[in-house]
Each structure stands twice: as C-alpha cells, then as structure tokens.
Amino acid sequence: MRRRFLFFAMFAGLWCLDAALAAEPSGVRVAAAADLKFALDEAADLFRARHPNIKLQVTYGSSGNLYAQLSNHAPFDVFLSADVDYPHRLVRERLASEGDEFVYGVGRIVIWVPRSSSINVEKLGMQSLLSPEIRKIAIANPRHAPYGRAAEAAMKSMGVYEQVKDRLVLGDTVLQAGQFVESGNADIGIISRSHALAPSLRDKGRFWEVPLDAYPRRVQGGVILSWAQSRSAAEALRDFMLGEEGRTILRRFGFESPEE
C-alpha cells in the first residue's frame with residue numbers, strides 16, 4: 001500500500017510540474033533590422049494579442065552589427081535581417097539549421113525630403129542629389145547596413161556617386177539616416193520605403209522610389225537560432241510573419257511578397 005501511495009504521489013507531482021511549466025508564458029527574443037521597426041512594432045502588437053502566453057521582446061539594429069553579435073551567441077532566438085545573406089552565413093557557421101531559414105519580404109529604397117524642402121524630388125529623382133542647395137545627404141552606413149549598400153549601389157549605377165560622395169553623412173542604421181533628414185542635420189536622404197510610409201514620416205515628407213534595377217534586389221530573410229530558448233514560441237512568430245496577417249502588415253509598409 002505504501003509503495004502504491006508513493007507511486008501515485010510521484011505521478012501527481014510530475015503532472016503538477018508539467019502543468020505549471022505549460023502554464024508559464026514562453027518568450028521569444030528577436031534581433032531585427034532597423035528598417036522593420038514600424039512594421040514589426042505593429043505586427044508585434046497583433047502577435048501578442050494572438051499569443052498572450054508568449055512574451056515578445058524586439059531589439060533593433062543594423063543587420064551587420066546584429067549578425068556580428070549573433071556570431072558570438074548573443075541571447076536572441078530569432079534574427080530578422082534586411083539582407084538574406086546574413087541568415088545564410090549563420091547557417092554556414094552551424095549556428096542555425098538550413099530548415100529554420102525563411103524569407104519574409106522584399107524591401108525598396110526611396111529618396112526622401114522634408115515636405116518643406118524646395119527640391120522637387122518626385123520630378124528630379126536621383127538628380128535631386130545634385131541640386132546646389134543640397135549640402136548633406138544621409139544614408140545608412142554601407143559597411144554594416146544593407147540599405148546603405150543599396151543606396152550606394154543605386155547612386156553608382158545612376159551616375160551620381162562621384163559627384164556627391166563627399167556630401168554623404170552615414171547613420172548607423174537606415175532609421176538613423178531618416179532621422180538625420182527629419183531633424184535637419186541632412187537635407188535629403190536615401191532610406192527604406194518602409195520608413196517613408198511609417199506614420200512618423202508619412203505626412204512629414206515627399207519621396208521618389210528608386211528603380212529596382214538600380215540596386216541589388218533587397219530580399220529580406222530570417223532564421224531561428226540553434227540556441228532558441230523556446231522553439232515553439234520562435235516558430236509561432238515565424239509562422240505569424242509568413243501568414244496572412246503578418247504579410248498584410250508588411251505589405252502596408254512597403255515590403256513586397258518574395259513571390260511578387
């Protein structure tokens with residue numbers, strides 16, 4: 001009788017422990033490219049509503065800097081990069097599995113000026129950068145920001161880079177490049193379309209979309225890291241981003257579907 005009692009007591013104890021663990025909210029820590037901030041902030045609110053037991057934490061930065069941190073096992077579960085190459089590298093370095101990679105959108109760049117600017121950016125396009133009144137041009141740092149590399153490539157392919165390179169001011173991220181123009185520390189900037197469409201800038205400026213053939217296609221991808229603390233939470237976020245609700249938000253902020 002005593003043995004039977006001890007068995008049932010142990011079984012009941014394990015059941016209670018499993019139930020307690022299941023009831024605990026799981027978490028997902030995301031390292032995200034700065035160009036995603038406005039779209040992902042909105043998506044995060046909806047994700048939390050759909051998954052109240054998952055604690056979502058997002059840190060924004062340049063994709064290159066985030067990749068460097070992840071190469072040293074920074075404490076994140078999911079990486080959302082502005083350049084699909086960075087997740088590829090993490091897989092090659094065996095810090096993530098190939099099956100855990102995914103593509104969530106295609107970004108674009110625009111030339112943006114404050115609404116008060118006298119530059120007719122919609123008509124002049126890339127030639128806006130050559131206007132005599134333009135003293136400083138903001139872009140993200142090409143060394144670690146994919147949107148900075150896209151901006152540099154577009155200026156070179158459209159024949160203005162040599163004339164304007166001495167007027168470039170570099171932000172750590174494409175988000176900071178936009179802030180330089182918004183604050184008046186630069187006169188014009190090449191930023192992500194997602195930033196130009198964000199509520200914080202939408203009514204403050206005007207922009208011209210740089211042709212897609214002027215720079216390498218801005219395919220953006222993510223990956224679940226091998227040390228993710230909760231794979232189920234990480235997979236839930238991935239599935240949400242790739243699902244209809246997530247993609248609807250991404251499209252509203254200018255990210256095209258990879259299939260488009």
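Residues numbered from 1 in each chain as written. Predicted model: local features only at pLDDT ≥ 70, side-chain atom pairs only at ≥ 80, totals over all residues. Heavy atoms only, no water.

Draft legend 1. Fine view of the pattern of salt bridges. Counting across every chain of the model gives 21 salt bridges. In this structure, lysine 37 and aspartate 41 form a salt bridge, with 2.9 Å as the shortest nitrogen-oxygen distance. Residue lysine 37 and its partner aspartate 41 are located together in helix α2 (residues 37-50), separated by 4 residues, close to a single helical turn. With relative accessibility at 26%, the residue lysine 37 sits in the partly exposed group. Residues joined in a network through salt bridges with shared partners are Arg108, Arg193, Glu209 and Glu256. (Salt bridge = Lys/Arg side-chain N within 4 Å of Asp/Glu carboxyl O. Helix = DSSP H or I, 4+ residues; strand = E, 2+ residues; numbered from the N terminus. Buried < 20%, exposed > 50% of the residue type's maximum accessible area, 1.4 Å probe, protein only.)

Draft legend 2. Expanded view of empty space enclosed by the protein. What the rule picks out here adds up to 1 cavity of 30 Å³ or more. Around the largest cavity, the lining is made up of 13 residues, and of these Ala34, Ala145, Pro146, Tyr147 and Val174 lie nearest the centre. Class assignment of the residues belonging to the lining of the largest cavity gives a composition of 8 nonpolar, 4 polar and 1 charged. (1 Å grid on protein atoms, 1.4 Å probe; cavity = no way out; pocket = protein on both sides within 12 Å on 5 of 7 lines; lining within 4 Å. Points joined across faces, edges and corners; volume = space filled by probe spheres on them. Nonpolar A, V, L, I, M, F, W, Y, C, P; charged D, E, K, R; others polar.)

Draft legend 3. Examining the pairing of strand β10 (residues 218-225) more closely. Among the 8 residues in β10, 8 count as buried, and that is most of the element. The alternating pattern of β10 places Arg218, Gln220, Gly222 and Ile224 on one face and Val219, Gly221, Val223 and Leu225 on the opposite face, and all of these are buried. Looking at chain direction, strand β3 (residues 78-80) and β10 are connected through 3 bridges and run antiparallel. Across the sheet, the residue bridging to valine 78 is isoleucine 224, located in β10. In terms of strand pairing, strand β4 (residues 96-107) meets β10 through 7 bridges, oriented antiparallel. Across the sheet, alanine 96 pairs through a bridge with leucine 225, a residue of β10. (Pairing = 2+ DSSP bridges.)

Draft legend 4. Fine view of the environment of alanine 39. Mapped onto the elements, alanine 39 comes out in helix α2. Between the C-alpha atom of alanine 39 and that of arginine 252, which follows or precedes it by 213 residues, the distance is 8.1 Å.

Draft legend 5. Fine view of the confidence of the model for the protein. The share of residues in the protein with pLDDT of 70 or more is 90%, and the mean pLDDT across the chain is 90. In this model, residues 1-24 is a region of pLDDT below 50 whose contacts with residues beyond four sequence positions or in other chains number 0 contacts. (pLDDT = per-residue confidence, 0-100. Contact = heavy atoms within 4.5 Å.)

Draft legend 6. View of helix α3 (residues 63-71). Taken residue by residue, α3 has Ser63, Gly64, Leu66, Tyr67 and Leu70 as its buried positions. Seen end-on, α3 carries its buried residues on one side only, within an arc spanning 160°. Those residues of α3 that are buried are in contact with β1 (26-33), β2 (54-61), β3, α4 (85-92), α6 (146-157) and β10. Phi turns positive one or two residues past the end of α3, at histidine 73, with a value near 65°. (Arc of directions from axis to C-beta.)

Draft legend 7. Spatial organisation of α2. Taking 1.5 Å per residue, 14 residues should reach 20 Å; α2 reaches 20 Å between its end C-alpha atoms and fits that length. All of the buried residues in α2 are Phe38, Ala39, Leu40, Ala43, Ala44 and Phe47. (Expected span 1.5 Å × (residues − 1).)

Draft legend 8. Spatial organisation of the sheet that holds strand β5 (residues 109-114). Reading across from one edge, β7-β6-β8-β5-β9 is the order of the 5 strands in this open sheet, with mixed pairing throughout. Each having just a single partner strand, β7 (168-171) and β9 (205-209) make up the two edges of the open sheet. The mean angle between the axes of side-by-side strands here comes to 30°, regardless of whether they run parallel or antiparallel. Direction of pairing for strand β6 (residues 137-140) relative to strand β8 (residues 188-192): parallel, over a ladder of 2 bridges. (Axes fitted to C-alpha atoms, helices over the stretch in contact; angles between N-to-C directions.)

Draft legend 9. Layout of the sheet that holds β4. Spatially, β2-β1-β3-β10-β4 is the arrangement adopted by the 5 strands of the open sheet, whose pairing is mixed. Taken across any chain shown, the strands that pair with only one partner, and hence form the sheet edges, are β2 and β4. Each strand of the sheet is rotated relative to its neighbour by a mean of 20°, with strand direction disregarded. Across 3 bridges, the pairing between β1 and β3 is parallel.

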